[in-house]
Amino acid sequence: MDYNIGVIRGDGIGPEIVGEAVKVLDAVSSKYGFGLKYTEIDMGGCSIDKHGVPLTDEAIAAAKASDAVLMGSIGGDAKTSPWYKLEPSKRPEAGLLGIRKALNLFANLRPSTLYKELKAACPLSEATADKGFDIMMVRELTGGLYFGERYTKEIDGLQTAVDTLSYNESEIRRAAVKAFDIAGKRDKKVTLVDKANVLDSSRLWRSVTQEVAKDYPDVTFETMLVDNCAMQLVKDPSQFDVVLTENMFGDILSDEAAMITGSIGMLPSASLNDTKFGLYEPSGGSAPDIAGQNIANPIATILSAAMMLRYSLDQDKAADAIGEAVKRTLADGVRTRDIMSEGCECVSTSGMGDAIVERL
Ligand code: NAD
């Protein structure tokens, strides 16, 4: 069996971390007897430099022709990069929003897991870290504030900026169904996070999700206000299983959930549509501050590749093998700089890729 994988190396640390994920994919695919063909796709800042725009029609077509897309990260330093002198719709991030929309990637999955080997890096209290946590954030990705009508104009002599937060019931329902399906295979609990005491859109999220919950009697359903959720994530993250939320709340909370694990360099993500197709990428950004130094942590991208094997290619055994190899590497005390602790061996980006391949 051969699969066609689109590869977006992207900007900053993107090419370095994707290189290691491809190394691991090559090793695992030859071990488990399937083939991977890679198609390089330009997106983000490197696409601006080559083609003048962050996302071309050819890039979208190549992504659509793939079974799945593995991506590094895009974007540069907003203060120094010339990309940020362009108008917002021509900047690197517009490419990401564009590809999500073009591929109809409406559900973003971000697992936030505390590895027992990395407990010391968890910024929460020792008692909280000891309890551990394993959260799956399901964030709606193609609606809400980031896609609503927006403008800035003078109204009554004052510069006024308007952003619109809008959702229809079908956008909410399909995200909720994904969350309940995933919860059914995990600890069977969905927490809908919203601001239903203020926002109409949140009240619609509540009523539609409550309807969906009726089809999943074995899954516990609860709701939580977003401000409370921000607090509960640092107070007792072990209470959460699947957290379902709209686009902007999910953007913020998934970074918070990432941070409490101790390193954003550890966390993978998947963006899915209604088919088997998905876009797989690390949760972190392009980390321009450490780009080109061979010190970035590639584990999030390697685990993203494992998610790709599981959700898009149905190669569960190969995906499990990568997960196990990562755990063994950590248990053996191999670390990149961001997760380094006393008594461990500090390795480079490529050193971490090699260590994981050795343990496959
Ligand atoms: P960032 O995630 O790139 O960096 C935040 C901090 O985390 C930095 O100190 C960085 O060195 C560190 N970090 C991130 N990934 C790491 C890794 N794999 N290993 C070790 N350390 C790591 O966030 P930022 O600085 O806010 O954004 C930088 C650029 O990335 C911006 O242009 C932003 O728009 C872009 N961005 C892209 C994506 C994406 O491609 N999906 C996501 C978030 C941010």
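Residues numbered from 1 in each chain as written. Predicted model: local features only at pLDDT ≥ 70, side-chain atom pairs only at ≥ 80, totals over all residues. Heavy atoms only, no water.

**Let's talk about helix α12 (residues 349-358)**
What counts, and what does not: Only protein chains enter the area calculation, which uses a 1.4 Å probe; residues under 20% of their type maximum are buried, those over 50% are exposed, and those in between are partly exposed. For helices the rule is a DSSP run of H or I covering at least 4 residues; for strands it is a run of E covering at least 2, with both sets numbered from the N terminus onward. Arc, as used here, means the arc of the directions from the helix axis to the C-beta atoms. Any pair of residues with heavy atoms lying within 4.5 Å of one another is described as a contacting pair.
Those residues of α12 lying buried are Thr349, Met352, Gly353, Ala355 and Ile356. Projected down its long axis, α12 carries its buried residues within an arc of 160°, all on one side. Buried residues along α12 sit in contact with α1 (14-32), α10 (299-311), α11 (316-331) and β13 (334-335).

**Description of the packing of α11 against α12**
Under the convention used in this document: Axis angles are defined between N-to-C directions and span 0 to 180 degrees, where every axis is a line fitted to C-alpha atoms and, for a helix, only to the segment in contact. Roughly parallel refers to an angle under 35 degrees, roughly antiparallel to one over 145, roughly perpendicular to one between 65 and 115, and oblique to any angle outside these ranges. Should the near helix be turned counterclockwise from the far one by less than a right angle, the crossing is left-handed, whereas a clockwise turn marks it as right-handed.
Packing of α11 against α12 brings their axes to within 8 Å, and their N-to-C directions diverge by 115°. Considered as vectors, α11 and α12 are oriented roughly perpendicular to each other. Handedness of the crossing formed by α11 with α12: right-handed. On the side of α11, the interface is formed by Ala325, Val326 and Thr329, while α12 contributes Met352, Ala355 and Ile356.

**Side note on the sheet that holds strand β5 (residues 134-140)**
Put simply, the rule is: Note on pairing: two strands pair once DSSP finds at least 2 bridges between them.
Here we have 10 strands laid out as an open sheet, ordered β2-β1-β3-β12-β11-β4-β5-β10-β8-β9, and mixed in their pairing. The open sheet has two free edges, formed respectively by β2 (35-40) and β9 (220-225), since each of these has just one partner strand. The mean angle between the axes of side-by-side strands here comes to 25°, regardless of whether they run parallel or antiparallel. In this structure, strand β11 (residues 268-272) lies alongside strand β12 (residues 278-282), joined through 5 bridges in antiparallel fashion. By the bridge assignment, leucine 272 is partnered in β12 with glycine 278. Of the strands in this sheet, β5, β8 (189-194), β9 and β10 (242-245) are in contact with helix α7 (residues 200-213), which crosses β9 at around 170°.

**With respect to the site of the ligand**
The line we're drawing: Whether a residue is near a molecule or strand depends on its heavy atoms: it is near if one of them lies within 4 Å of it. Think of a polar contact as two N or O atoms within 3.5 Å of one another; within protein, one of them needs to be a possible hydrogen donor and the other a possible acceptor, and neighboring residues in sequence only count if both atoms come from side chains. To measure how exposed things are, a 1.4 Å probe is used in the Shrake-Rupley method; for residues, cover is taken only from the protein chains shown. All amino acids are sorted into three groups, where Ala, Val, Leu, Ile, Met, Phe, Trp, Tyr, Cys and Pro are nonpolar, Asp, Glu, Lys and Arg are charged, and the leftover types, Gly among them, are polar.
Around the ligand, a shell composed of 22 residues is seen, among which Gly76, Glu93, Glu281, Gly285 and Ala287 lie nearest. Within the side chain of tyrosine 84, one N or O atom sits 3.0 Å away from an oxygen atom of the ligand. The separation between an oxygen atom of the ligand and a polar main-chain atom of glycine 285 is 2.7 Å. Within the complex, the protein chains bury 66% of what would otherwise be the 810 Å² of accessible surface of the ligand. For the shell around the ligand, the secondary structure elements donating two or more residues are β3 (68-73) and α4 (92-102). Looking at the shell around the ligand residue by residue, the class counts come to 10 nonpolar, 8 polar and 4 charged.

**Some remarks on the environment of alanine 319**
With respect to the helices, strands and loops of the structure, alanine 319 is situated in helix α11. For the pair alanine 319 and serine 348, spaced 29 residues apart in sequence, the C-alpha separation works out to 23 Å. In contact with alanine 319, other than residues within four places in its own chain, are Ala306, Leu309 and Arg310.

**Thoughts on the domain arrangement of the chain**
Counted only if it meets this: Domain borders in the structure are assigned automatically or taken from a domain database. Note on definitions: buried area is the accessible-area loss of two parts on being combined, 1.4 Å probe, summed for both.
Splitting the chain by domain gives domain 1 (1-103 + 277-360) and domain 2 (114-262). Each of domain 1 and domain 2 has a C-alpha centre, and the two are 24 Å apart. With 10 residues of domain 1 at the contact, the number on the domain 2 side is 8 residues. Note on domain 1 versus domain 2: buried area summed over both sides is about 1,000 Å², and carbon and sulfur give 70% of it. The interface formed by domain 1 and domain 2 contains 2 residue pairs in polar contact (both at pLDDT 80 or more). Going through the elements one at a time, α4, α10 and α11 are the ones with two or more residues in the side of domain 1 that touches domain 2.

**A closer look at the pairing of strand β7 (residues 158-163)**
Within β7, only 0 of the 6 residues are buried, which leaves it mostly out in the open. For strand β6 (residues 150-155) and β7, the ladder comprises 6 bridges, and the chain directions are antiparallel. Within the sheet, the bridge partner assigned to tyrosine 151 lies in β7 and is valine 162. Hairpin connection from β6 to β7: 2 residues lie between these consecutive antiparallel strands, with aspartate 156 at a positive phi of about 50°.

**Re the environment of glycine 144**
As for its position among the elements, glycine 144 is in the loop between β5 and β6. Exposure remark for glycine 144: the relative accessible area of 2% places this residue in the buried category. Through-space distance from the C-alpha of glycine 144 to that of isoleucine 290 is 32 Å; in sequence the pair is 146 residues apart.

**Details of the pattern of salt bridges**
Short version of the rule: Note on definitions: salt bridges are taken to be side-chain nitrogens of Lys or Arg within 4 Å of carboxyl oxygens of Asp or Glu.
By the definition in use, this model includes 25 salt bridges. The residue aspartate 42 makes a salt bridge to lysine 50 at a minimum N-O spacing of 3.1 Å. As a salt-bridge pair, arginine 186 and aspartate 241 come within 2.9 Å of each other at their nearest N and O atoms. Of the two residues, arginine 186 is situated in the loop between α6 (169-184) and β8 and aspartate 241 in the loop between α8 (226-235) and β10; the sequence distance between them amounts to 55 residues. Sharing partners across several salt bridges, the network here consists of Glu20, Lys23 and Asp354.

**Quick look at the packing of α1 against α11**
In the contact formed by α1 and α11, the axes pass within 10 Å of each other and the chain directions differ by 130°. As judged from the angle between their axes, α1 and α11 are oblique. Between α1 and α11 lies a crossing whose hand is right-handed. Residue-level contacts link Val24, Val28 and Tyr32 of α1 to Lys317, Ala318, Ala321 and Ile322 of α11. Partitioning the contact of α1 with α11 into residue classes produces 6 nonpolar, no polar and 1 charged.

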